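# Working through the structure, step by step
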Amino acid sequence: NRLHDKESSGNLFPQLSQGCVFQPRISTFYTCYKTHRKASQHSVTTISMVFRKLPGVSASGMGLRLSQKFVFLLFLSGLVTLCFGALFFLPDSVRLKRIFLSKTESQPPSITNEAKADEKVVGGEALEDLTMSRSKTESSSKDEKVTSSSNQRANTDTSFDYNKFKKCLLKPPLGIEHGKSSHPQTLHRRDKVKEMMKFAWDNYKSFAWGKNELRPLTKNGHIGNMFGGLRGASIVDSLDTLYIMGLIDEYNDAKEWVETSLDLNSNGEASLFEVNIRYVGGLLSAYYLTGEEMFKRKVLELGEKLLPAFNTPTGIPRGVINLGSGTSWSWGWASAGSSILAEFGTLHLEFVHLSELSNNPIYTEKVMNIRRLLNKIEKPHGLYPNFLSPVSGNWVQHHVSIGGLGDSFYEYLIKSYLMSDKTDEEAKNMYYSALEAIEANLVQKSPGGLTYMAEWRGGILDHKMGHLACFSGGMVGIGADDGAPEKRQHFLDLAAEITHTCHESYTTKLGPEAFRFDGGAEATATRLSDRYYILRPEVIESYMYMWRLTHDPKYREWGWEAVEALEQHCRVEAGFSGIRDVYAQTVSHDNMQQSFFLSETLKYLYLLFSDDDLLPLEDWVFNTEAHPLPVIRKSCLHGEGGTHDKTTSE
């Protein structure tokens, strides 16, 4: 009876073959089935033989004398055969996902990234997609249970005692006199950086208010596709910079926009990494510096929207997430649907603070799960490759870089240890083990005596160092005190050598995106495609850290060289713009004032020309977007009293 009920049968046996409308009778189904025998010629032949040998069954009245149960089973087996036969003829894994994956797991069209376009896709993508489809239901169910369990364990009282937090700081965040130097020249230079920030901000406000970034040549705003419908990236990225510099009117404008106009209910495709370091990091920093509860509410709401990205078989998050639906997928350019080390490895600082503010351990559990997996799997020569499958939990290819794709993973290991008040021994051990492997395999000395970090591709060195890798001078420096005592000076020397190399790449006082050490080149971009500068902060970041660690005046001089170059080459009528070729005699601007220029480049310059008590490193750790996050002193926060009883200076 159900075979003759077309609607009911349609529900039991969904159409799997394109163009074949489900037929309620065996005879008509058989005819339709044969028209689609391309999916599995062998299956058609087999079922044809079965039909012919059935006693009492003619071509015109096939199935009339069969019992309903037998017809049902025969029909079901035919559909199953057709389904599995068709799998071998599907042209790509995307069609496979459309059949087996629910909407929340299916992968939309791939997102390209010009900077990563040269990454090669390795084999096994279709097999990985099939594994993902088969395990999706089980994985999602498991993750939902974990989330639910964690939420139940969380204390319903999510209040965070901000006054107690302030007492746990060793020093006032803004110093005794806002970090003002007693040296007239240094104070003058700091004031110049402050003027640059106000100039960049005022033009953003005039021409791009509410947009993500300013296009200073055309005097309009840019939205882009990194933030999934979120707006105001430059505003959120600038909150702490404005506050630290004492630009209070500008800070208040930014705060008002966040409160009234930052809409987190977007339905776009966002980079998990970028939203985390810019928006989550920016809002966390603004809250910890000011105590404004609105920032805390916003960041906890946003943090919750990032959790679905972790719904994978391994718990390794995918790189792209729709903040509205919770759908997540991997970057289209990433090898075999892999997740990127520098992206899933750059969540720890922010997520630990989300747990601290929400009193919900789920955020910490997510990032600790990532660490457990990384500790479990084998690492080639002790190195961490850049591509990891979120399905199998295995490395996809052996490309290692301290620059793009890998950089901030290592940064967050040592900073996780420092942010834990030096109690996170696991992070410490992972960092120093990784640094040992980096020194053994990647650190090189050029013929001219420059120390650099090469890239590693399956055992073959590529003698290239990216601008992004220039953060490593500062990273090695801040970790020098906590390694083996006999290696302290060695680490400081290595940090100084790397920073010197990056300074040497600034031959025109601004440096290229990448520079090489082969073919006679010494810290020079030999390819036209590597010669651009987009207002990046990494070299200046290392200047700031090395100044704090050594007080060698050359770092301030190098920083001032960068200020003068930014003024000469990047300042235009309505803001600051990146340039297309740092070696060209005639400057060509790229018409983009990046939000990280306001968050990182200018903040690091301002701190370089300030006294050390402005955001002292004993109390604050900077995330990879230069948003300061406080050291978590759990014994103080969750105990009685505090270590610093003075009120913070405004």
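Here the residue numbers are simple positions, counted from 1 along each chain's written sequence. Residues qualify for local features only when their pLDDT is at least 70, as the model is predicted, and side-chain atom pairs are given and counted only at 80 or more; totals for whole chains, interfaces and linings, by contrast, use all residues. Each side-chain value is derived from all of the structure's non-hydrogen atoms; neither hydrogens nor water enter the calculation.

With that settled, consider the overall build of the chain. By the criteria applied, helices consist of DSSP H or I runs no shorter than four residues and strands consist of E runs no shorter than two, each listed in order from the N terminus. Counting its regular elements, the chain contains 23 helices and 19 strands. The cut-offs for exposure are 20% and 50% of the maximum accessible area for each residue type, with area from a 1.4 Å probe on protein chains only; residues under the lower value are buried, those over the upper are exposed, and the others partly exposed. Taken over 650 residues, the chain has a buried fraction of 58%. Contacts were defined at the residue level, with two residues in contact if any of their heavy atoms lie within 4.5 Å. Excluding contacts between residues fewer than 6 apart, the proportion of contacts in the chain whose partners are at least 24 apart in sequence is 70%. Using a 1.4 Å probe, the Shrake-Rupley method yields the accessible areas, and only the shown protein chains count as cover for residues. Total accessible area computed for the chain in this model is approximately 27300 Å², and 51% of it derives from carbon and sulfur atoms.

Turning next to the UniProt feature "active site" (unreviewed entry) in the chain. Summarizing the sequence annotation, UniProt attributes the feature "active site" (unreviewed entry) to Glu274, Asp407, Glu513 and Glu538 in the numbering used throughout. You can see glutamate 274 is positioned in helix α11 (residues 272–290). Following the sequence through the fold, aspartate 407 ends up in helix α16 (residues 407–419). Taking the relative accessible area as the measure of exposure, aspartate 407 reaches 12% and is therefore buried. In this structure, aspartate 407 is in contact with Ala342, Ser401, Ile402, Leu468 and Phe471, ignoring residues within four places of it in sequence. UniProt positions are given in the numbering used here, feature names are shortened, and annotations may be inferred rather than shown by experiment.

The next point concerns the sheet that holds strand β5 (residues 328–329). Taken in spatial order, the 3 strands make up an open sheet running β3-β4-β5, and their pairing is antiparallel. Looking at which strands have only one partner, the edges of the open sheet turn out to be β3 (269–271) and β5. By the bridge criterion, 3 bridges tie β3 to strand β4 (residues 320–322) in an arrangement that is antiparallel. Directly across from glutamate 269, in β4, lies its bridge partner asparagine 322. Two strands qualify as a pair provided that DSSP identifies no fewer than 2 bridges between them.

Let's shift gears to the environment of histidine 183. Assignment of secondary structure puts histidine 183 in the loop between α7 (162–167) and α8 (184–208). Each C-alpha atom of the pair histidine 183 and serine 610 lies 10.0 Å from the other, and the pair is 427 residues apart in sequence.

As a further point, take the side chain of serine 408. One can find serine 408 in helix α16. Here the side chain of serine 408 touches alanine 342 through a polar contact of 3.3 Å, landing on its backbone oxygen. Here a polar contact means two N or O atoms within 3.5 Å. Within protein one must be a hydrogen donor candidate and the other an acceptor candidate, and residues neighboring in sequence count only if both atoms are side-chain atoms.

Turning our eyes to something else, we now look at the sheet that holds strand β6 (residues 339–340). If you trace the 3 strands from one edge of the open sheet to the other, you get β6-β7-β8, paired in antiparallel fashion. Only two strands of the sheet have a single neighbouring strand rather than two, namely β6 and β8 (395–397). In terms of strand pairing, strand β7 (residues 387–388) meets β8 through 2 bridges, oriented antiparallel. Residue pairing across strands places leucine 388 opposite tryptophan 395, the latter belonging to β8.

Another aspect to go through is the packing of aromatic side chains. Pairing of aromatic side chains here covers Phe, Tyr and the six-membered ring of Trp, requires ring centres within 6.5 Å, and sorts the geometry by plane angle: under 30 degrees stacked, over 60 edge-to-face, intermediate tilted. Overall, the coordinates contain 32 aromatic pairs when judged by the stated rule. Judged by centre distance (5.1 Å) and plane angle (55 degrees), the rings of phenylalanine 165 and tyrosine 288 are tilted. Linking phenylalanine 165 in helix α7 with tyrosine 288 in helix α11, this pair joins segments that are 123 residues apart in sequence. Of the two residues, phenylalanine 165 and tyrosine 288, neither departs from the other in class, the shared state being buried.

Turning to unusual backbone geometry, a few remarks are in order. Unlike most non-glycine residues, leucine 535 shows phi in positive territory, near 70 degrees. Of note, leucine 535 is situated in the loop between β15 (514–516) and α20 (538–550). What makes leucine 535 buried here is its relative accessible area of 0%.

Any covalent bond linking the sulfur atoms of two cysteines counts as a disulfide. To count as a disulfide, a pair of cysteine sulfur atoms needs to be within 2.5 Å. In total, this model carries 2 disulfides according to the counting rule given. Covalently, cysteine 168 is tied to cysteine 636 through a disulfide, its sulfur atoms 1.9 Å apart. Here cysteine 168 and cysteine 636 share a disulfide; its torsion about the S-S bond, -90 degrees, makes the bridge left-handed. With cysteine 168 in the loop between α7 and α8 and cysteine 636 in helix α23 (residues 634–637), the pair connects residues that are 468 residues apart, well separated along the chain. Summarising the burial analysis for this pair, cysteine 168 and cysteine 636 share the class buried. At a sulfur-sulfur separation of 2.0 Å, the disulfide partner of cysteine 470 is cysteine 502. The sign of the S-S torsion, about -95 degrees, decides the handedness of the disulfide formed by cysteine 470 and cysteine 502: left-handed. Here cysteine 502 lies in helix α19 (residues 488–505) and cysteine 470 lies in the loop between β14 (464–466) and α18 (472–478), a separation of 32 residues in the sequence. Assigned by exposure class, cysteine 470 and cysteine 502 land together as buried.

What follows is about helix α9 (residues 233–244). α9 sits mainly inside the fold: 12 of its 12 residues count as buried. Within two residues after α9, glycine 246 carries a phi angle of roughly 80 degrees, on the positive side.

The subject of this paragraph is the nonpolar core. Generally speaking, nonpolar side chains in soluble globular proteins are found buried as a group. Formed by 160 residues in total, the largest nonpolar core has its most connected members in Val258, Leu374 and Tyr410. A total of 12 residues in this core trace back to one element, the largest contributor, which is α11. In contact with tyrosine 410, not counting residues within four places along its chain, are Leu341, Tyr384, Val400, Ser401, Ile402, Tyr431, Ala434, Ile438 and Met475. Definition of nonpolar core: a set of buried residues of the types Ala, Val, Leu, Ile, Met, Phe, Trp, Tyr and Cys, connected through side-chain atoms within 4.5 Å. Residues Trp331, Ala336, Ile340 and Phe387 belong to the second largest nonpolar core, which totals 10 residues.

Salt bridges are counted wherever a side-chain nitrogen of Lys or Arg sits within 4 Å of a carboxyl oxygen of Asp or Glu. Enumeration over the complete set of coordinates arrives at 34 salt bridges. Between arginine 516 and aspartate 518 there is a salt bridge; the shortest N-O distance is 3.2 Å. Here arginine 516 falls in the buried class, since its relative accessible area comes to 5%. Linking aspartate 619 and arginine 633 is a salt bridge whose minimum nitrogen-to-oxygen distance equals 2.9 Å. Of this pair, aspartate 619 sits in the loop between α22 (595–608) and β18 (620–622) while arginine 633 sits in the loop between β19 (628–630) and α23, placing them 14 residues apart in sequence. Shared partners join several salt bridges into a network, and the residues in it are Glu455, Arg457, Asp462, Lys464, Arg516 and Asp518.

Quick look at the side chain of serine 266 now. Its place among the elements puts serine 266 in the loop between α10 (248–261) and β3. In contact with serine 266, not counting residues within four places along its chain, are Gly228, Gly229, Leu230, Leu323 and Gly324.

The first and last C-alpha atoms of helix α21 (residues 554–570) sit 23 Å apart over 17 residues, in line with the 24 Å expected at 1.5 Å per residue. Along α21, the positions that sit buried rather than exposed are Tyr555, Arg556, Trp558, Gly559, Trp560, Ala562, Val563, Ala565, Leu566, His569 and Cys570. On its buried face, α21 is in contact with α8, α19, α20, β16 (571–572), β17 (575–576) and α22. Given the number of residues in a helix, its expected span is that number minus one, multiplied by 1.5 Å.

Only residues whose relative accessible area exceeds 30% and that form no salt bridge enter a patch; like-charged residues are grouped when within 9 Å of one another, and nonpolar side chains (Val, Leu, Ile, Met, Phe, Trp, Tyr) when within 5 Å. A contiguous nonpolar patch, built from Phe72, Leu73 and Leu76 and spanning about 240 Å² of accessible area, is present on the exposed surface. Among the residues examined, phenylalanine 72 registers a relative accessible area of 34% and is labelled partly exposed.

With that out of the way, let us pick up the confidence of the model for the chain. Should the pLDDT be low somewhere, the predicted coordinates at that spot are not to be read in detail. Here the chain averages 83 in pLDDT, while 75% of its residues score no lower than 70. Each residue gets a pLDDT score, which is the predictor's confidence in that residue and runs from 0 to 100. Note on residues 1–66: pLDDT is under 50 here. Beyond four places in sequence and across chains, it has 74 contacts. Contacts from residues 85–157, a stretch scored under 50 in pLDDT, to residues over four places away or in other chains number 96 contacts.

Here, axes are lines fitted to C-alpha atoms. For helices the fit covers the stretch in contact, and angles between N-to-C directions go from 0 to 180 degrees. α22 packs onto α8 with a crossing angle of 165 degrees between their chain directions and a minimal axis gap of 9 Å. Compared by their axis directions, α8 and α22 come out roughly antiparallel. Where α8 crosses over α22, the two elements pack in a sense that is left-handed. Taken together, the residues of α22 that come into contact with α8 (itself represented by Arg190, Val193, Lys194, Met196, Met197 and Ala200) are Phe597, Leu598, Leu602, Leu605 and Tyr606. Counted by class, the contact of α8 with α22 contains 9 nonpolar, no polar and 2 charged residues. Reported orientations rely on four angle classes, namely roughly parallel under 35 degrees, roughly antiparallel over 145, roughly perpendicular from 65 to 115, and oblique for the rest. Crossings are sorted by hand: turned counterclockwise from the far helix by less than a right angle, the near helix makes the crossing left-handed, and turned clockwise it makes it right-handed. In this classification, Asp, Glu, Lys and Arg are treated as charged, Ala, Val, Leu, Ile, Met, Phe, Trp, Tyr, Cys and Pro as nonpolar, and every other residue, Gly included, as polar.

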